[in-house]
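Chain residues, written in single-letter form:
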Amino acid sequence: MTATPHVLTPIVDRPEQRVWIASALAAVLLALPISQLPVPPVGVTELLLGLCLAASVAASERWASTTVRIGEQTHNLTLGEVPLVVGLVIVSPGVLLLARITGAFVGLQVFRRQAGHKTAFNIVHLTAETLVAIGLAAAVAPDGLHDGLRLTILGTSVAVAVATGGGLAMAAVMRITAGRRPPGTLVVSTVREGLFASLVA
């Protein structure tokens, strides 16, 4: 009798599994900068502002989004930069980060019923985006956003960073799920559209 060759099945052979693993690794890397955020006492007023920010993030995930199709998968780009910039002004970094994560989870899971692996990736991306914005705020206005010029510079910087990050995230999603590099024109158009929407907002 001729023995039937044993075919090794890859441990990670589904796009969803690859997205889960990539999201978990990114979350581990983000744990260090998150641990360095200041944790000042949070009063009732700031808590209420944080809840309002979370609600606005959830609403933007549900209603202020545009859909992009990549192969057999669809991905949504949202206009979450407005509550992000507002949050940089009115609440502490820790409250802002928690509000965005909470609001995004509610918007993605409760309102849009998004698949778990997509929600995980989007929340990791949103966390990185928020940390970059917090760093930009500290660089542009280390003593606070007290004038319109600094606020304008910060808003523009955040718009550019968010749009660029969105394009890179879209490229990463396509690489992970489809197993191939995305067309350069797709990444550029994603960045351009995201930047236009952010600056208009």
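Described in the following lines is the structure provided in the data block. (Residues numbered from 1 in each chain as written. Predicted model: local features only at pLDDT ≥ 70, side-chain atom pairs only at ≥ 80, totals over all residues. Heavy atoms only, no water.)

1. With respect to helix α1 (residues 15-35)
For α1, built from 21 residues, the straight-helix expectation of 30 Å at 1.5 Å per residue is met to within 8% by its first-to-last C-alpha distance of 30 Å. At Leu29, α1 shows its maximal bend, which comes to roughly 30°, and the proline Pro33 appears one to four places after that position. Residues of α1 that are buried: Val19, Ser23 and Leu30. (Helix = DSSP H or I, 4+ residues; strand = E, 2+ residues; numbered from the N terminus. Expected span 1.5 Å × (residues − 1). Bend = angle between axes of the 7 residues up to and from the residue. Buried < 20%, exposed > 50% of the residue type's maximum accessible area, 1.4 Å probe, protein only.)

2. As for a nonpolar patch on the surface
On the surface, Val42, Val44, Leu47, Leu48 and Leu51 cluster together to form a nonpolar patch covering roughly 500 Å² of accessible area. Tracing the chain through its elements places Leu48 in helix α2 (residues 44-63). (Patch = residues over 30% accessible without salt bridge, like charges linked within 9 Å, V, L, I, M, F, W, Y side chains within 5 Å. Areas by Shrake-Rupley, 256 points an atom, 1.4 Å probe, with all protein chains shown as cover. Salt bridge = Lys/Arg side-chain N within 4 Å of Asp/Glu carboxyl O.)

3. Focus on the nonpolar core
Counting residues in each nonpolar core, the largest one holds 20 residues, and the members touching the most others are Leu84, Leu88, Leu96 and Val158. Put simply, the parts of the chain that give this core at least two residues each are α2, α3 (81-90), α4 (93-111), α5 (116-140) and α6 (148-178). Of the residues forming this core, the biggest block, five residues, is contributed by α5. Those residues in contact with Leu84, other than ones at most four positions away along the chain, are Leu96, Arg100, Glu129, Thr130, Ala133, Val158 and Val162. Counting five residues, the second largest nonpolar core, distinct from the first, contains Val57, Leu108, Ile123 and Leu126. (Core = buried A, V, L, I, M, F, W, Y, C linked by side-chain atoms within 4.5 Å. Contact = heavy atoms within 4.5 Å.)

4. Considerations on unusual backbone geometry
Positioned with a positive phi, Arg113 is a non-glycine residue whose angle comes to about 55°. Classification of Arg113 as exposed rests on a relative accessible area of 68%.

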